[in-house]
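Examination of the molecular architecture
Now for the letters of each chain:
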Amino acid sequence: LWNCDDRLYIESLYGHQDMVSGMDSFLQERVVSVGARDKTLRLWKIPEESQLVFNAHRNTCLDCVSMLNEEHFVTGSQDNVLCVWHIKKKKPAVSHPGAHGPGSWISAVAALKNTECFISGSSDGVVKIWACSETYRSIECIREIEVVGTVNSIVLAADNSCFVLGVGQEHRLGRWWVEKQCRKQGTGLSS
């Protein structure tokens, strides 16, 4: 942890057994992180100096995470499953297998904060916008946008009016496949 105002190191958070492949935070002093190969998702409660550990569905690697609000977050995994989680449940509230094309790997998620909507990107060249039900028990794809290449990151504007995609020829964690028609690029889209 770092203090941004003073630019000072505060402390390290120990718990993941492998690299941290994604993290996000929101308003409270909490951080959610995913450790790819240790197959866990951790919610760090900074003031209490404690953590909650959530285990991945079906023993898979989690690669990306984003908080929808203070109680719900979404993860994307290597086996092409999107999950929506609640902080009080150890298992996902909803799992959506086959969220992207067959054999795809969900490589990026970004939530529109304080809404039921989020965006996912994959190696299949499609960015999908999703909506959760009011009870967070189901999700539905409400829009698809085609891109050339693998979506490695998604960043939303603070007012949720637009988002930027980091798109590359290959996945950000390794070179398992190469999309030769793609040049490394940033793509901006407005809502």
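Criteria and thresholds
Residues numbered from 1 in each chain as written. Predicted model: local features only at pLDDT ≥ 70, side-chain atom pairs only at ≥ 80, totals over all residues. Heavy atoms only, no water. Helix = DSSP H or I, 4+ residues; strand = E, 2+ residues; numbered from the N terminus. Buried < 20%, exposed > 50% of the residue type's maximum accessible area, 1.4 Å probe, protein only. Contact = heavy atoms within 4.5 Å. pLDDT = per-residue confidence, 0-100. Pairing = 2+ DSSP bridges. Phe/Tyr/Trp six-rings, centres within 6.5 Å; stacked < 30°, edge-to-face > 60°. Disulfide = S-S within 2.5 Å. Salt bridge = Lys/Arg side-chain N within 4 Å of Asp/Glu carboxyl O.

1. Digging into the overall build of the protein
The number of helices and strands found in the protein is 0 helices and 17 strands. Relative to its full complement of 191 residues, the protein shows a buried share of 48%. Of the contacts made within the protein by residues no fewer than 6 positions apart, 40% connect residues no fewer than 24 positions apart.

2. A short note on the environment of Glu 49
As for its placement among the helices and strands, Glu 49 is situated in the loop between β5 (40-45) and β6 (50-55). On the basis of relative accessible area, Glu 49 is assigned to the exposed category, the value being 68%. Linking Glu 49 and Leu 13, residues 36 residues apart in sequence, is a C-alpha distance of 8.9 Å.

3. Looking at the confidence of the model for the protein
Of all residues in the protein, 84% have pLDDT values of 70 or greater, and the mean over the chain is 82. Between the elements of the protein, mean pLDDT differs from a low of 59, seen in strand β17 (residues 185-190), to a high of 95, seen in strand β13 (residues 126-132).

4. Focus on the pairing of β6
Across 6 bridges, β5 lies against β6 in antiparallel orientation. Bridging across to β6, Arg 42 finds its partner in Val 53. Counting the residues in the hairpin turn of β5 and β6 gives 4 residues, including Glu 49, whose phi is positive at 55°.

5. Some details on the packing of aromatic side chains
Both the distance between ring centres and the angle between the ring planes are used here to describe each pair of aromatic rings. Overall, the coordinates contain 3 aromatic pairs when judged by the stated rule. Consider the rings of Phe 54 and Phe 73, whose centres lie 5.6 Å apart with planes at 80°: the pair is edge-to-face. Of this pair, Phe 54 sits in strand β6 while Phe 73 sits in strand β8 (residues 72-77), and the two are 19 residues apart along the sequence. An angle of 75° between the planes, with centres 5.9 Å apart, marks the rings of Phe 54 and Trp 85 as edge-to-face. Here the residue Phe 54 occupies a position in strand β6, and Trp 85 occupies one in strand β9 (residues 81-86), the gap between them amounting to 31 residues.

6. Comments concerning the state of the cysteines
A covalent bond between the sulfur atoms of two cysteines is what we call a disulfide. A complete count under the given rule lists 0 disulfides for this structure. Sulfur of Cys 132: no disulfide; nearest cysteine sulfur belongs to Cys 117 and is 7.6 Å away. The buried category is assigned to Cys 132, whose relative accessible area is 10%.

7. With respect to the pattern of salt bridges
Within the structure shown, the criterion is met by 2 salt bridges. With a closest N to O distance of 3.7 Å, Lys 128 and Glu 144 form a salt bridge. Taken as a pair, Lys 128 in strand β13 and Glu 144 in strand β14 (residues 139-146) lie far apart in primary sequence, 16 residues in all.

8. Observations regarding unusual backbone geometry
A negative phi holds for most residues other than glycine; trans holds for most peptide bonds. Phi angles above zero are rare outside glycine, and Arg 7 is one such case at about 55°. By the element assignment, Arg 7 lies in the loop between β1 (2-3) and β2 (8-9). Judged by its relative accessible area of 72%, Arg 7 is exposed. Here the phi dihedral of Asn 80 falls at roughly 70°; this positive angle occurs in a residue that is not glycine. In this fold, Asn 80 is placed in the loop between β8 and β9.

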